[in-house]
Amino acid sequence: MSTPALEAVDVTRTYRMEGVDVTALHGVSLRIDEGEFVAILGPSGSGKSTLMHLLGCLDRPTTGVLRIGGRDVAGLSDAALAELRNARVGFVFQSFHLLARTSARDNVALPLVYRGASRKERHRRAADALAAVGLAHRLAHRPGQLSGGEQQRVAIARALVGDPGVVLADEPTGNLDTRTGHDVMDLLERLNRDRGVAIVLVTHEPDIAERARRRVHLRDGRMESDERDDPPERGER
Amino acid sequence: MRFAESFRVALDALRVNRLRSVLTMFGVVVGVAAVVVLVAIGTGARDLVRSEIEGLGSNIVFVAPGEFTLGSAPTISRMTLDDVTYLGRVTGDEDAIAVALNSGETVRAGRAETFAGIVGANQNLRNVFDRPLRRGRYLSEADVETRRRVVVLGSDVARRLFGDADPVGRQISVAGGTRFRVVGVLAEVGQTFGQTRDGEVHVPVTTAQRMFGVDRVDYLAIRAPTKDAVPRLQAEVVDALERKYRGERFSAITQTQLLGTIGTVLGALTGVLAAIAAISLLVGGVGVSNIMLVGVRERTREIGLRKALGARQRDVLAQFLMEAVLLTTLGGTAGIALGTGAALAIAELSPVPAAVTWWSPALAFAVSAAVGVFFGVVPARRAGRLDPVIALRAE
Ligand SMILES: Nc1ncnc2c1ncn2[C@@H]1O[C@H](COP(=O)(O)OP(=O)(O)OP(=O)(O)O)[C@@H](O)[C@H]1O
Ligand SMILES: [Mg+2]
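Just so you know, these numbers come straight off a predicted model, no measurement behind them. (Residues numbered from 1 in each chain as written. Chains lettered and ligands numbered in written order. Predicted model: local features only at pLDDT ≥ 70, side-chain atom pairs only at ≥ 80, totals over all residues. Heavy atoms only, no water.)

1. Describing the environment of K307 of chain B
Residue placement: K307 of chain B occurs in helix α10 (residues 300-308). Classification of K307 of chain B as buried rests on a relative accessible area of 6%. Along the backbone, K307 of chain B and G271 of chain B are 36 residues apart, and their C-alpha atoms lie at a distance of 45 Å. Excluding residues that lie within four positions of it along the chain, K307 of chain B makes contacts with R85 of chain A together with Q313, V316, G384, R385, L386 and P388 of chain B. (Helix = DSSP H or I, 4+ residues; strand = E, 2+ residues; numbered from the N terminus. Buried < 20%, exposed > 50% of the residue type's maximum accessible area, 1.4 Å probe, protein only. Contact = heavy atoms within 4.5 Å.)

2. Some words on the packing of helix α3 (residues 82-91) of chain B against helix α8 (residues 230-244) of chain B
All names here are of chain B. At a minimum axis distance of 10 Å, the contact between α3 and α8 shows a crossing angle of 130 degrees. Between α3 and α8, the angle falls in the class oblique. Crossing of α3 over α8 shows right-handed handedness. When α3 is examined against α8, the residues D83, Y86, L87, V90 and T91 are found in contact with a partner set consisting of L233, E236, V237, A240, L241, R243 and K244. Of the residues belonging to the contact of α3 with α8, the class tally is 7 nonpolar, 1 polar and 4 charged. (Axes fitted to C-alpha atoms, helices over the stretch in contact; angles between N-to-C directions. Parallel < 35°, antiparallel > 145°, perpendicular 65-115°, else oblique. Left-handed = near helix turned anticlockwise from the far one by under 90°. Nonpolar A, V, L, I, M, F, W, Y, C, P; charged D, E, K, R; others polar.)

3. Some details on the nonpolar core
Counting 66 residues, the largest nonpolar core has L6, I40, L51, L55, V73 and L168 of chain A together with F320 of chain B as the members making the most contacts within it. Top element by residues in this core is helix α11 (residues 313-349) of chain B. It accounts for 8 residues. Beyond its immediate sequence surroundings of up to four residues, L168 of chain A is in contact with L6, M52, L55, G56, V89, G90, F91, V92 and V200 of chain A. V63, V84, V99 and L153 of chain B belong to the second largest nonpolar core, which has 42 residues in total. (Core = buried A, V, L, I, M, F, W, Y, C linked by side-chain atoms within 4.5 Å.)

4. Observations regarding the sheet that holds strand β4 (residues 63-68) of chain A
Pairing between sheet strands relies on hydrogen bonds along the backbone, with the strands arranged either parallel or antiparallel. Residues and elements named next belong to chain A. Pairing in this open sheet of 4 strands is antiparallel, and the strands run β2-β1-β4-β5 from one edge to the other. Only two strands of the sheet have a single neighbouring strand rather than two, namely β2 (20-32) and β5 (71-72). Inspection of the sheet shows strand β1 (residues 6-17) paired to β2 by 9 bridges, in the antiparallel sense. Across the sheet, the residue bridging to A8 is L30, located in β2. Contacts between helix α1 (residues 48-55) and the sheet are confined to β1, β2 and β4, with β2 contributing the most and set at about 60 degrees to the helix. (Pairing = 2+ DSSP bridges.)

5. Remarks on a negative patch on the surface
Residue and element names in this part refer to chain B. Where like charges cluster on the molecular surface, the negative patch consists of D93, E94, D95, E141 and E145. Summarising the element assignment, E145 is placed in helix α5 (residues 141-145). With a relative accessible area of 62%, E145 lands in the exposed category. (Patch = residues over 30% accessible without salt bridge, like charges linked within 9 Å, V, L, I, M, F, W, Y side chains within 5 Å. Areas by Shrake-Rupley, 256 points an atom, 1.4 Å probe, with all protein chains shown as cover. Salt bridge = Lys/Arg side-chain N within 4 Å of Asp/Glu carboxyl O. Lys, Arg positive; Asp, Glu negative; His and termini not counted. Charge placed at Lys NZ, Arg CZ, Asp CG, Glu CD.)

6. Some thoughts on the interface of chain A and chain B
Between chain A and chain B, the contact holds 25 residues from the first and 23 residues from the second. Note on chain A versus chain B: buried area summed over both sides is about 2200 Å², and carbon and sulfur give 59% of it. Summed over the shared surface of chain A and chain B, the result is 2 salt bridges. E83 of chain A is the partner of R312 of chain B in a salt bridge, and the nearest nitrogen-oxygen pair spans 3.3 Å. On the surface where chain A and chain B come into contact, there are 6 residue pairs in polar contact (both at pLDDT 80 or more). Going through the elements one at a time, α2 (78-88), α3 (104-113) and α4 (119-132) of chain A are the ones with two or more residues in the side of chain A that touches chain B. Ranked by residues supplied to the side of chain A that touches chain B, first place goes to α2 of chain A with 6 residues. Within the side of chain A that touches chain B, the residues separate by chemical class into 11 nonpolar, 6 polar and 8 charged. (Buried area = accessible area lost by both parts, 1.4 Å probe. Polar contact = N/O pair within 3.5 Å; in protein donor to acceptor, adjacent residues only side chain to side chain.)

7. Some remarks on the side chain of N122 of chain B
Residues and elements named next belong to chain B. Along the polypeptide, N122 turns up in the loop between β3 (112-121) and α4 (125-129). Looking at N122, its side chain comes within polar contact range of the main-chain oxygen of I97, at 3.1 Å. For N122, the side chain forms a polar contact with the main-chain nitrogen of V99, separated by 3.4 Å. Discounting residues that sit within four places of it in the chain, N122 has contacts with V84, I97, A98, V99, Y138, V144 and V205.

8. Details of the domain arrangement of chain B
With domains assigned, chain B is organised as domain 1 (3-51 + 260-393) and domain 2 (67-248). Placing a centre on the C-alpha atoms of domain 1 of chain B and another on those of domain 2 of chain B gives a separation of 54 Å. (Domains from an automatic or database assignment.)

9. A short note on the sheet that holds strand β10 (residues 222-228) of chain A
Residue and element names in this part refer to chain A. Here 6 strands make up an open sheet; going across it, the order is β6-β7-β8-β3-β9-β10 and the pairing mixed. The open sheet terminates on both sides in strands that have one partner only, identified here as β6 (89-92) and β10. Geometrically, the sheet is characterised by an average inter-axis angle of 15 degrees between neighbouring strands, direction not taken into account. As defined by bridge partners, strand β3 (residues 37-41) adjoins strand β8 (residues 198-202) across 4 bridges and the pair is classed as parallel. Considered in β8, the bridge of A39 is made with L201. Sheet strands in contact with α2 are β6 and β7 (166-170), and its direction is about 80 degrees off that of β6.

10. Side note on unusual backbone geometry
Here the phi dihedral of D10 of chain A falls at roughly 50 degrees; this positive angle occurs in a residue that is not glycine. Tracing the chain through its elements places D10 of chain A in strand β1. With a phi angle near 60 degrees, D130 of chain B is a residue other than glycine that sits in the positive phi range. When you line up the elements, D130 of chain B lands in the loop between α4 and β4 (133-136). Overall, the relative accessible area of 58% leaves D130 of chain B in the exposed class.

11. A word on the packing of aromatic side chains
Here the structure, examined in full by the defined rule, presents 5 aromatic pairs over all chains. Look at F91 of chain A and F93 of chain A: their rings are 5.9 Å apart centre to centre, the planes differ by 10 degrees, and that puts the pair in the stacked class. Both rings, one in F62 of chain B and one in F129 of chain B, keep their centres 6.0 Å apart while their planes meet at 40 degrees; by these two values the pair is tilted. Of this pair, F62 of chain B sits in strand β1 (residues 60-65) while F129 of chain B is found in helix α4, placing the two residues 67 residues apart along the sequence. (Phe/Tyr/Trp six-rings, centres within 6.5 Å; stacked < 30°, edge-to-face > 60°.)

12. Concerning a nonpolar patch on the surface
Residues and elements named next belong to chain B. Together, W358, W359, L363 and V367 give the surface a local cluster of nonpolar side chains, amounting to about 450 Å² of exposed area. Within the fold, W358 resides in the loop between α11 and α12 (359-385). Owing to a relative accessible area of 72%, W358 belongs among the exposed residues under this scheme.

See below:
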């Protein structure tokens, strides 16, 4: 088997609050292969976001091993971790997190800024990414001039612009109505299929989760179940 | 992140809060302008003094009793006219030794009157100080020896007492009585230390001594034949006088030394003025720091996002530092323009001297950039160190 895109081995994450330890994750092991489409489910407070932050290298596990593209992150400096995020991971957030006074194109180009890409290249790749999410005609629009669904598509374009292996989406449809939510899911599915980007998404909505090919359930910081759709589909790519 | 990019981001951030940026800059503008103006005044004062001292003539050694320090109380002189002859034997050139006994009195001619500096001089003073005449003649040896009541007028005094008429041969009275005959008028030379030399009248030193009831002279001025001869002359003269007046100290200084001493004092004064102005710059810097901290708090989510997208600690730090430096250097540039304008206006419209040097705006710019770095570093580090997970959640 090829190296997994992301791999968590028995990770825990403990927050220390006013002298009291709060453990958000109790030994979770999870392996995400390239090109997978995984939904993470669980009640509020079960540790879904915490796990996403760990998988995306925004945070470090208290114990356990985390590997990105086969590489253990434990020994990496903060700067190296930032570079790893930039190169390998795309984030999509529930609240979009777009810069309000910045055009769609410049919002999308932001990850490339931290790679030192030239302005010309940033513009070209941002325009391509926006075209890929069907927003080629919205380059100069600011977030406030776009609908919620469009804003989330801009955010998805931003997650894709750097050609990451994995897109991590924490409740990407949480702020959208059902129909728009499914449009966004259509888009994610298409990107997964056409580009082979692995997608990990957190959701509370069962019908959104149904569209993933694998569903991981968390409860109280532990993995409760990990179910996959029929295997044949996986090897296809 | 590239420099050009952080510059653009910083500029955008300042533009978004335009009013706030301008108000924050204001502190820096005032501070820098104050530094530029005060340094200009200090420099102007020093230039003025320098040019005046240089105007006294070169190679002149001033001989006065006591140690020479600026600001100490002058020692009453015990030197007399005999010392000219005495020192003439030491130096070998009596004609190069001038004496002066100074006072100030009201002088009158008919109805016209004015206040004049009375200089009791010997016949050598004109040559030692190189003062050209406009009319008539200067004091002669015979004038000094026979205590004649003759006077040579400074050009201002001549104008005030006689207008455009030729004063030679006319009479003036000094100190409400003694009458003097005008024998000459000095050419115009301008000011020394804010006193116009053209407001002097020169009378024979012996006549002045009798008039004031003293037999001393205030100082001697000796012209050295060459610049290289100056140090030896100084040593000889002091030595000879201290041998003659046992137990007393004398000093013989050149205008270069005078210049050095006054330059040091004015330099220190300029420094103090600049330091006072720098305090207002400091206050401006604190304002920048404060606003930057507010900005970091407001933009916590943005910082979290940038970090999630791959910004390193130092990228975020550079962005905010750039913003602070941009704020202070823009303010600094405005301050330099304002300060330079004010200094030029002062020099033009008031008697206060002010000279804008090339280095003071350059220094002010560098200082304002440094203020930006210094006061930006705390907010910028705070921004750089934000935990991305927490920052993303911020409201
Ligand atoms: N920075 C933190 N400090 C202290 N405790 C935290 C912190 N972040 C998360 N927690 C705790 O860890 C647990 C898991 O939080 P997490 O955000 O991962 O839950 P979640 O599954 O994403 O919930 P939701 O569905 O509501 O988003 C919660 O009990 C939460 O209070
Ligand atoms: Mg969550």
